[in-house]
Amino acid sequence: MKIPSVLLRFPHRYFSKRTYFKNLTCISRSDFLCIESLKPVHLHCSKQMCLSKCLSRELCHQSAPEQETEGLSDREKGLIDRLYNGLVQGHRACLAEAITLIESTQTRKKKVAQVLLQKVLSYHREQEKLNQGKPLAFRVGLSGPPGAGKSTFIECFGKMLTERGHKVSVLAVDPSSSTSGGSLLGDKTRMTELSRDMNAYIRPSPTRGTLGGVTRTTNEAILLCEGGGYNVVLVETVGVGQSEFAVADMVDMFILVLPPAGGDELQGIKRGIIEMADLVAINKADGDLIVPARRIQAEYVSAMKLLRKRSKVWRPKVIRISAKTGEGISDMWDKMTEFRDLMLTSGELIAKRRKQQKVWMWNLIQENMLEHFRSHLAVKDKIPLLEEKVLSGVLSPGLAADLLLKAFKDGL
Ligand SMILES: Nc1nc2c(ncn2[C@@H]2O[C@H](COP(=O)(O)OP(=O)(O)OP(=O)(O)O)[C@@H](O)[C@H]2O)c(=O)[nH]1
C-alpha cells in the first residue's frame, strides 16, 4: 500500500514503518484527506502522541452523510458515529454492539443499522481502492455434520492464523437457534482458547429461524467484521437444513469438514452440499482413524471427479487433517490461499462476489415480500383456513395459493 506523503512526513523515529502499516489498514482515503487538511496540527503533534491516536481523533470527527441520516435523532446519529469510529479502530465492544444493532427487528433500530452499514460499506470501498481493488478479507464458509470436529478445527486453525498475524472472526450460523431456544454453534465454551485471543472474535449469528434471517444478519455481520479489521472471516454452519446453501452463497470459499465415516453415518449430509464445496477436509486423520480417513478421502476424490466443474481455475480438493494433532492444518491454509490467489487473479472471485450481492438483494426482497404477504389484512385471516383445507385434501395447494394471491392483489 502506498503511504500518503503527508504521513511520511511524520517524525519517523517515533513510528516504525510497521506501525504505519498497522494503523493505515484501518484508515480510508477520505480520512487521509481529512488529515491532510489538518496537516499543521498533525505535523506538530507532540512526541508522546502516537499516530494511531492522531488518526483516531480525526476519525471521531467524521459523521454520517446528511442525506443518509435524515429523520434520525441526534442521539441516533451519535450512536452511528460512535459505533463506526470504534469499529474501524478495531474495538471489539463496538463490533459486538454493531452486530446486535443489525440483528434488531425494531423498525427504528433497523434504520439506524442500515445507515451504519452504508457508512461501513463506503469505508470498504475506499479501503479496497487503496488495496488495488483486492477484497479486504477472505470469507470462508465451513460446514459439516455435528461431531465432525468443526469447533476443534476452528480452535486449532484460528490459533494458527492469529499466531501468523491474522485477525480472525468466527460467525456461527445456527438455523435451529429459534427452536432450540439457544445457540448450538457459536457457544464460546466450544472454542475456549480462541475466544480468549485478542485477535479473534467469535459470535453466534442468530437466524430468527428463517433462511432469509441467515442471509440478512450474517451478510451484514461479515461486512462489520471486515470493517473491524478482521481479514479472515469464518462462517460456520451445522450440516443440517438449508443454511449451508445460504452460507455458501455469501463466502469466497466453502469448506466441508467430514469425519472419517461413510455411508449411513453421512446420510444427513446432502449431496447438493458436496457439490458446493471447494475443499473437503476429512478430519480426525490420526491414530486408529488414519486408515478409514484415507479410504474416505479416496471415495470423495473419485466422487468429486464426477461433479460439474464450477471454476475454470480450481478443481475441488479432498485433504486429510487432524484438528486434534494439528496435522495437515498448515497445508490446508496453503491450499486455501492458493484458491484465493487463483480466483483473484482470474477475476472469478470478484465476479462471484458481485453475483452474491444480487442473490443477497433478491433473498431480502423474497423475505420481506413473504413477511408482507403473511401479515397483510386481506390474507392474514384466510391463511389458517386454507392451510387446513390443503392439509385435509379438500383443496389443492395450487388452488389455495391462487386464492391467497388473488386476495392479496385485490387488497393492494
Ligand atoms: N481423534 C480425533 N478426534 C477429534 C478431532 N477433532 C475433533 N475430535 C473429537 O470429536 C468430537 C466432536 O468434536 P467437535 O469439535 O465438538 O465437533 P463439532 O463438529 O463442532 O460438533 P458439534 O459441536 O456437535 O457441531 C470431540 O470429542 C473431539 O474431541 C481430531 O482431529 N481427531
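The residue numbering used here restarts from 1 in each chain and proceeds along that chain's sequence as written. In keeping with the predicted nature of the model, local features appear solely for residues at pLDDT of at least 70, side-chain atom pairs appear and are counted solely at 80 or more, and the whole-chain, interface and lining totals rest on all residues. Note that the side-chain values use all heavy atoms of the structure and ignore hydrogens as well as water.

As named in an unreviewed UniProt entry, the protein is Metabolism of cobalamin associated A, taken from Meleagris gallopavo. Quoted verbatim from the Catalytic activity (unreviewed entry) field of the UniProt record, the comment on the protein reads "GTP + H2O = GDP + phosphate + H(+)". Per UniProt, the comment on the protein under Subunit (unreviewed entry) is "Homodimer. Interacts with MMUT (the apoenzyme form); the interaction is GTP dependent." UniProt positions are given in the numbering used here, feature names are shortened, and annotations may be inferred rather than shown by experiment.

## Observations regarding the overall build of the protein
Secondary structure elements follow DSSP: runs of H or I of four or more residues count as helices, runs of E of two or more count as strands, with numbering from the N terminus. Of regular secondary structure, the protein possesses 21 helices and 7 strands. A simple rule labels every residue: compare its accessible area, found with a 1.4 Å probe on the protein chains alone, to the largest value its type can have, and call it buried under 20%, exposed over 50%, or partly exposed in between. Looking at the protein as a whole, 47% of its 412 residues qualify as buried. Contacts: residue pairs with any heavy atoms within 4.5 Å of one another. If you take every contact in the protein between residues at least 6 apart in sequence, the share linking residues at least 24 apart comes to 74%. Each accessible area is a Shrake-Rupley result for a 1.4 Å probe, and residues are judged covered by the shown protein chains and nothing else. Accessible surface computed for the protein: about 20900 Å², of which carbon and sulfur atoms make up 56%.

## Considering the layout of surface pockets
Buried and open spaces are told apart on a 1 Å grid over the protein atoms alone, a cavity being a set of points where a 1.4 Å probe fits but cannot get out and a pocket being an open set with protein on both sides within 12 Å along at least five of seven lines. Residues with an atom within 4 Å of a point are the lining residues. Grid points are joined across faces, edges and corners, and a volume is the space filled by probe spheres set on the points. One number sums up the size of the second largest pocket: a volume of about 550 Å³. Only β5 (253-258), α15 (271-276), α17 (329-346) and α18 (348-375) provide two or more residues apiece to the lining of the second largest pocket. The greatest single-element share of the lining of the second largest pocket, amounting to 6 residues, is contributed by α18. Note on residue categories: nonpolar means Ala, Val, Leu, Ile, Met, Phe, Trp, Tyr, Cys or Pro, charged means Asp, Glu, Lys or Arg, and polar means any other residue, Gly included. Of the residues contributing to the lining of the second largest pocket, the split by class is 12 nonpolar, 2 polar and 9 charged. Segmentation into domains, and thus their bounds, comes from an automatic or database assignment. Formed jointly, the lining of the second largest pocket draws a minimum of three residues from each of two domains, domain 2 (138-346) and domain 3 (354-411).

## A short note on the pattern of salt bridges
We count a salt bridge whenever a side-chain nitrogen from Lys or Arg sits within 4 Å of a carboxyl oxygen from Asp or Glu. Counting across every chain of the model gives 12 salt bridges. The residue E226 makes a salt bridge to R139 at a minimum N-O spacing of 2.6 Å. With E226 in helix α13 (residues 211-227) and R139 in strand β1 (residues 138-144), this pair connects stretches of sequence that are 87 residues apart. Note on R139: relative accessible area 8%, which makes it buried. Salt-bridge contacts for E193 lead to K159; the nearest nitrogen and oxygen are separated by 4.0 Å.

## Some words on the packing of α17 against α18
Two elements in contact, α17 and α18, have axes whose closest approach is 4 Å; the angle formed by their N-to-C orientations is 85 degrees. Relative to α18, α17 is oriented roughly perpendicular. Across from F339, M343, L344 and S346 in α17, the residues of α18 making contact are E348, L349 and K352. Across the contact of α17 with α18, the residue classes break down as 4 nonpolar, 1 polar and 2 charged. Lines are fitted to the C-alpha atoms to define the axes, a helix being fitted only along its stretch in contact, and any angle between axes, read from their N-to-C directions, falls within 0 to 180 degrees. If an angle is under 35 degrees, it is roughly parallel; if it is over 145, roughly antiparallel; if it lies from 65 to 115, roughly perpendicular; otherwise it is oblique.

## Structural notes on the side chain of S311
Looking at the secondary structure, you find S311 in the loop between α16 (290-305) and β7 (317-320). At 3.0 Å, the side chain of S311 and the backbone nitrogen of V313 are in polar contact. The definition of a polar contact used here is a pair of N or O atoms within 3.5 Å, where within protein one atom must be able to donate a hydrogen and the other to accept one, and adjacent residues in sequence count solely through side-chain atom pairs. Separated by 2.9 Å, the side chains of S311 and E348 make a polar contact. Leaving out residues up to four positions away in the same chain, S311 has contacts with M343 and E348.

## A closer look at the site of the ligand
Throughout this document, a residue counts as near a molecule or strand when at least one of its heavy atoms sits within 4 Å of that molecule or strand. Within the structure, the ligand sits among 15 residues, and K150, S151, T152, D286 and A323 are positioned closest to it. T152 is positioned with one of its side-chain polar atoms (N or O) 2.5 Å from an oxygen atom of the ligand. Between an oxygen atom of the ligand and a side-chain N or O atom of K284, the distance comes to 3.0 Å. Contact with the protein chains hides 69% of the accessible area of the ligand, taken as 650 Å² for the molecule alone. Its residues assigned to classes, the shell around the ligand shows 4 nonpolar, 6 polar and 5 charged.

## A few points about the packing of helix α10 (residues 150-163) against α17
Remark: α10 packs on α17, axes separated minimally by 10 Å, with the N-to-C direction vectors making an angle of 70 degrees. Judged by the angle between their axes, α10 and α17 are roughly perpendicular. Contacts between α10 and α17 pair F153, C156, F157, M160 and L161 from the former with I329, S330, M332, W333 and M336 from the latter. Looking at the contact of α10 with α17 residue by residue, the class counts come to 9 nonpolar, 1 polar and no charged.

## A few points about a negative patch on the surface
Among the surface-exposed residues, E327, D331, D334 and E338 lie close enough to one another that they form a single negatively charged patch. Along the chain, E327 turns up in the loop between β7 and α17. Like-charged residues are merged into a patch within 9 Å and nonpolar side chains (Val, Leu, Ile, Met, Phe, Trp, Tyr) within 5 Å, provided each residue has over 30% relative accessible area and no salt bridge. Lys and Arg are tallied as positive, Asp and Glu as negative. Neither His nor the chain termini are counted. Charge placement uses NZ in Lys and CZ in Arg. For Asp and Glu, CG and CD serve respectively.

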